[in-house]
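# Structural description and commentary
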Amino acid sequence: MYDFTNIIDRHKTNSTKWREADIIPLWIADMDFSFPEVVKKSLLSLIEEGVLGYAYLPDTCYHSVVNFYNKNYSTKLEAGNVIFTTGVIASLGAALNTFCQPGEEVLFLTPCYNTFYSVVEKMGLKVITSELDYKDGQYNINYKDFAQKLSRPNLRAFVLCNPHNPTGHIWSIEDLKKINTLCRERNILVIADEIHGPITLPNLKYECSLNYIENVIVLASPSKPFNMAGLKIGFSLCYNKNINARLSLAYNRFNIASPNSFAIQLLPTLYNDCQDWLIELSQAIKHNYELTLKYIESNGLKIKVSYGGGTYLLWLDVSYYSNDSLKLSKFLKEKYKVFVSEGSKYLGNGHNFLRVNIATNEKTLLMGLERIKNGLLAYKNYKS
Ligand SMILES: Cc1ncc(COP(=O)(O)O)c(C=O)c1O
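Residues numbered from 1 in each chain as written. Predicted model: local features only at pLDDT ≥ 70, side-chain atom pairs only at ≥ 80, totals over all residues.

### Focus on the overall build of the chain
Under the convention used in this document: Numbered from the N terminus, helices here are DSSP runs of H or I no shorter than four residues, and strands are runs of E no shorter than two. Two things to know: the radius of gyration comes from C-alpha atoms, and the globule rule equals 2.2 Å times the number of residues to the power 0.38. Three classes are used. A residue is buried when 20 or more other C-beta atoms lie within 10 Å of its own, exposed when 12 or fewer do, and partly exposed in between, with C-beta atoms placed from the backbone. Contact between residues is assigned whenever the C-beta positions, reconstructed from backbone atoms, fall within 7 Å.
A tally of regular secondary structure across the chain gives eleven helices and 15 strands. For 384 residues, the compact-globule estimate of 2.2 N^0.38 gives 21 Å, and the C-alpha radius of gyration of the chain, at 21 Å, lies within 12% of that figure. Overall size of the chain, expressed as C-alpha extent along the three principal axes, is 60 × 55 × 35 Å. Residue burial in the chain is summarised as follows: out of 384 residues, 47% are buried. Within the chain, residue pairs in contact and separated by at least 24 positions form 73% of the contacts whose partners lie at least 6 positions apart.

In structure tokens:
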């Protein structure tokens, strides 16, 4: 049994999330739970050596990732399909730079994780969006619009977020197959960011797109599932040899092919020995999800919770209170000392939403919800 009820005071450890002393932080995708003892032991054994020199990637790193994905997601990976980097966003930039020509276009389903857009722009490429249909709290692909956008003459790549940040939507096998057909017909490269894949509600499972999308480049990392964002490691998974050869060159060219010693030390421990932690994490997230639903209902809040069951980020439709989530989130932070992410930065219909990170202990979550409630009620009056 792991402890998901106590959280660590991170005010003194350069934590981005906990930087501001008086704020309840429910924004950035960083969990407040501590990692398992086995991780601590593994880290300490490296520290006890007293030297932090250059480290190579041993076979155990490749095998642990291969085994984890093959066992849990029925992939058919071999060590040669895995390439390590210093992170998912770094890999995405390098991949886009390699497979797209300057000025070409990259498609996203919106609302979608905002950092993607800045990566595309930094690479001299153009963001194209296809807005997801939103009905009864559920998001679905508008296939007519999606197909039209994929047919644009300058469109070169489609970036899928699976499960989808910020909606937590887990794409179905049917969706993945349709995406494959539409992209193959048009010769569009699919890059799937599956960093949140291993985090789902207990009765759900994400489907790895390697099983359904031809030549897809999957990007993942232990940083979200095991809460190790500071570790700075990621990897790409792809079955295609030519793509992998080009990715490998790109990662070297961008100097992102060598993860640090801590990351290399920990990777096999995480993927081989921490599966039970992931199972208990999913229970803790379920508990917090249900707690949030109950809080919203018992307080009569006019919030619709849209959550597809992937990751630990709830997507709250607060359109009853505001359709300017940037203004609302600033108000909540400044006046009510609770920091949630404004949905507008994810584009699409995000201006009606707040993204709330529920991966904390019950006490902090309830304090945050109380502040959100008071802030929303005050905002309604404040505006009118
Ligand atoms: C969908 C998604 N991709 C990538 C990242 C960041 O990954 P990395 O730190 O490995 O660049 C995040 C962080 O929140 C994310 O939500």
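### Points about the packing of helix α1 (residues 37–49) against helix α8 (residues 261–273)
Rules: To get an axis, fit a line to the C-alpha atoms, keeping to the stretch in contact for a helix; angles then go from 0 to 180 degrees between the N-to-C directions. Angular relationships are summarised with four words: roughly parallel below 35 degrees, roughly antiparallel beyond 145, roughly perpendicular across 65 to 115, and oblique for the angles in between. Here is the rule for handedness: rotate from the far helix to the near one, and if that takes an anticlockwise turn smaller than a right angle the crossing is left-handed, while a clockwise turn gives right-handed.
Two elements in contact, α1 and α8, have axes separated by 10 Å at closest approach and are oriented at 150°. Judged by the inter-axis angle, α1 sits roughly antiparallel to α8. The way α1 lies across α8 gives a crossing that is right-handed. Touching V38, V39, S42, L43 and L46 of α1 are S261, F262, Q265, L266, T269, L270 and D273, all from α8.

### Things to note about the site of the ligand
Threshold: Any residue whose backbone-placed C-beta atom lies within 6 Å of a molecule or strand is treated as near that molecule or strand. Under the grouping applied here, Gly and all other residues not named as nonpolar or charged are polar, the nonpolar ones being Ala, Val, Leu, Ile, Met, Phe, Trp, Tyr, Cys and Pro and the charged ones Asp, Glu, Lys and Arg.
Taken together, 14 residues sit near the ligand, with A29, G87, V88, I89 and N165 positioned nearest. For the shell around the ligand, the per-class residue count stands at seven nonpolar, six polar and one charged.

### Quick look at the packing of helix α5 (residues 143–150) against helix α6 (residues 173–185)
Where α5 meets α6, the axes come as close as 10 Å, and the angle between the chain directions of the two elements is 30°. As far as their axial angle goes, α6 and α5 are roughly parallel. As for how α5 packs across α6, the hand of that crossing is right-handed. Residues Y143, F146, A147 and L150 of α5 touch α6, and the partners they reach there are K178, L182 and C183. Counted by class, the contact of α5 with α6 contains six nonpolar, no polar and one charged residues.

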